[in-house]
Amino acid sequence: MKIDVHVHITPPDIIRNYKKIGEKEPYFRLLSETPHNRFATYEQVAEHLQENHFDKGIVFGFGFQDMGLCRYVNDYTMEAIRQYPDLLIGYMVVPARHKDLEKEVERAYLGGLRGVGELFPEGQNMEIATLHETAFKDCLLHYQLPLLLHTNETVGHYYPGKTKVAMHEVETFIRHHQELTIILAHFGGGLLFFELMKELRAAFANVYYDTAAGVFLYDKEIYNVAREIGILNKILFGTDYPLLPISRYDESLSVLSDKERAMVMGENAKKILRF
Ligand SMILES: [Zn+2]
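A brief look at the structure comes next. Only a predicted model underlies this, so the values are computations on that prediction, with no experimental measurement involved. In every chain, residue numbers begin from 1 and rise along the written sequence. Note on the predicted model: pLDDT of at least 70 is required for a residue's local features to be given, and 80 or more for side-chain atom pairs to be given and counted; whole-chain, interface and lining totals, by contrast, use all residues.

### Notes on the overall build of the protein chain
Step number 1: Tallying secondary structure elements over the protein chain gives 13 helices and 8 strands in all.
Step number 2: In summary, the protein chain has a C-alpha radius of gyration of 17 Å against a globular reference of 19 Å for 275 residues, a match within 12%.
Step number 3: Summarising its shape, the C-alpha atoms of the protein chain cover approximately 45 × 45 × 35 Å along the three principal directions.
Step number 4: When burial is assessed residue by residue, the protein chain has 44% of its 275 residues classed as buried.
Step number 5: Whether two residues are in contact is decided by their C-beta atoms, placed from the backbone, lying within 7 Å. The long-range share in the protein chain, meaning contacts at least 24 apart out of those at least 6 apart in sequence, stands at 81%. Only DSSP runs of H or I with at least four residues qualify as helices, and only runs of E with at least two residues qualify as strands; both kinds are numbered from the N terminus onward. Just to be clear, the radius of gyration here is over C-alpha atoms, and the globule rule we use is 2.2 Å times residues to the power 0.38. Here a residue counts as buried when 20 or more other C-beta atoms fall within 10 Å of its C-beta, as exposed when 12 or fewer do, and as partly exposed in between; the C-beta atoms come from the backbone.

Here is the structure:
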């Protein structure tokens, strides 16, 4: 089974009005105005997955700061999974500290969404090191929802969307949320290398890493390093589509054996995620 765990979908009217929406959503504006940026509707995503013989894709709207916009894109994600129930798995986006969090998570869950993400700690102005003091964790545990969290490396070249959230903040968040299944996007901003520390390995037992945008960031040897560390079973294939198509990952994945590639491209995700 082949699964892409990191796919962005955008409703057509947000694509048409992205400049207007960006006026009140600075992180959305930053990302949507970069030359690399692309938007895709769920129909386009479905076509792309099918053309590449993928069995499943996890899709979600943009993690806005505004609850109303989050609700709006969650509705669109619910529509997507109704149209493609066998192909698409929908996640919900939420402002994690909002007073109506529980209401929206319940509504989205009843609408068929089965995870939370991609959340943007800095982009949504959502300090994560103290998030355990809110209703967020219980809410996710109650519905058994995995969380896809944006993380990025804080070294190397700048690109729009690269945030300053430090590794120790993500670590603190994880230590307080060890019961949750957490996917750290973009190879965890390099946090995966620290699974070499015994204490982190233990606290990160339910943490996984997706490969999204990895071809922009790392040499393909990162897959060999993951094997060496002993965490190849925690690496989940994600494209960040429409930023990058599936085919762009072929070359880097070529360092893996057929069996390992099957693990990364879907078998690992199939084991841990509820569909
Ligand atoms: Zn991301």
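Structure's up, so let's keep going.
### Describing the sheet that holds strand 5 (residues 147–149)
Step number 1: Read from one edge to the other, the open sheet built from 5 strands follows the order 4-5-6-7-8, with strand pairing classed as parallel. What marks the edges here is a single partner per strand, and that holds for strand 4 (116–119) and strand 8 (235–236).
Step number 2: Direction of pairing for strand 7 (residues 207–210) relative to strand 8: parallel, over a ladder of 2 bridges. Looking at the pairing, Asp210 lines up with Leu236 of strand 8. The rule for pairing is simple: two strands pair if DSSP sees at least two bridges between them.

### Structural notes on unusual backbone geometry
Step number 1: Cis geometry is found at the peptide bond from Gly117 to Glu118, where omega equals -10°.
Step number 2: For Glu118, the position within the fold is in strand 4.
Step number 3: A cis amide bond, omega 10°, links Tyr241 with the succeeding residue Pro242.
Step number 4: Structurally, the position occupied by Pro242 is in the loop between strand 8 and helix 12 (250–253).
Step number 5: The residue His53 is not glycine, and still its phi comes out positive at about 55°.
Step number 6: Mapped onto the fold, His53 is located in the loop between helix 4 (42–51) and strand 2 (56–60).
Step number 7: Look at His53 and you get exposed, because 8 C-beta atoms sit within 10 Å.
Step number 8: Although it is not a glycine, Ala213 sits at a positive phi angle of roughly 65°.

### A short note on the nonpolar core
Step number 1: Grouped together as the largest cluster of nonpolar side chains are 79 residues, with contacts concentrated most on Val59, Val93, Leu147 and Ile183.
Step number 2: Looking at this core element by element, the count peaks at 5 residues for helix 5 (residues 67–83).
Step number 3: Excluding its chain neighbours within four sequence positions, the residues that come into contact with Leu147 are Val116, Gly117, Leu119, Leu140, Leu180, Ile182 and Ile183. What we call a nonpolar core is a set of buried Ala, Val, Leu, Ile, Met, Phe, Trp, Tyr and Cys residues whose membership is set by joining through C-beta atoms within 7 Å.

### A short note on the sheet that holds strand 1 (residues 3–8)
Step number 1: Strand order in the open sheet made by the 3 strands is 1-2-3, with parallel pairing throughout. Strands at the two margins of the open sheet, each flanked by one partner only, are strand 1 and strand 3 (88–90). Strand-to-strand twist across the sheet, computed as the mean angle between neighbouring axes with direction ignored, equals 30°. Angles here are taken between N-to-C directions and fall from 0 to 180 degrees, while the axes themselves are lines fitted to C-alpha atoms, restricted in helices to the stretch in contact.

### Remarks on helix 11 (residues 221–229)
In an α-helix, one full turn covers 3.6 residues, which means residues spaced three or four apart are oriented alike.
Step number 1: Among the residues of helix 11, Ile222, Tyr223 and Ala226 are the ones counted as buried. Looking down the long axis of helix 11, one finds its buried residues gathered within 105° of arc, a one-sided arrangement. Exposed residues lying more than 90 degrees from the buried face of helix 11 are Glu221 and Glu228.
Step number 2: Close packing links the buried residues of helix 11 with helix 10 (214–217), strand 8 and helix 12. Here the arc refers to the directions that run from the helix axis out to each C-beta atom.

### Concerning the pairing of strand 2
Step number 1: Burial analysis of strand 2 places 5 of its 5 residues in the buried class, which makes it a mostly covered element.
Step number 2: Side chains Lys56, Ile58 and Phe60 project from strand 2 onto one buried face, and the interleaved Gly57 and Val59 project onto a second face that is buried too.
Step number 3: As defined by bridge partners, strand 1 adjoins strand 2 across 4 bridges and the pair is classed as parallel. Looking at strand 2, one finds that His8 is bridged to Phe60.
Step number 4: With respect to chirality, the unit in which strand 2 leads through helix 5 into the neighbouring parallel strand 3 is right-handed. Orienting the strands away from the viewer, one traces the path from the first strand over the helix to the second; a clockwise path indicates a right-handed crossover.

### What about the pairing of strand 7?
Step number 1: Burial along strand 7 is two-sided: the face carrying Val207 and Tyr209 and the face carrying Tyr208 and Asp210 are both buried.
Step number 2: Pairing of strand 6 (residues 182–184) with strand 7 involves 3 bridges; the strand directions are parallel. The residue bridging Ile182 from the neighbouring strand is Val207, located in strand 7.
Step number 3: As a crossover connection, the stretch from strand 6 through helix 9 (residues 198–203) into strand 7 is right-handed.

### What to know about the environment of Leu192
Step number 1: Inspection of the secondary structure assignment puts Leu192 in the loop between strand 6 and helix 9.
Step number 2: Given 23 C-beta atoms within 10 Å, Leu192 falls into the buried group.
Step number 3: Linking Leu192 and Phe204, residues 12 residues apart in sequence, is a C-alpha distance of 9.4 Å.

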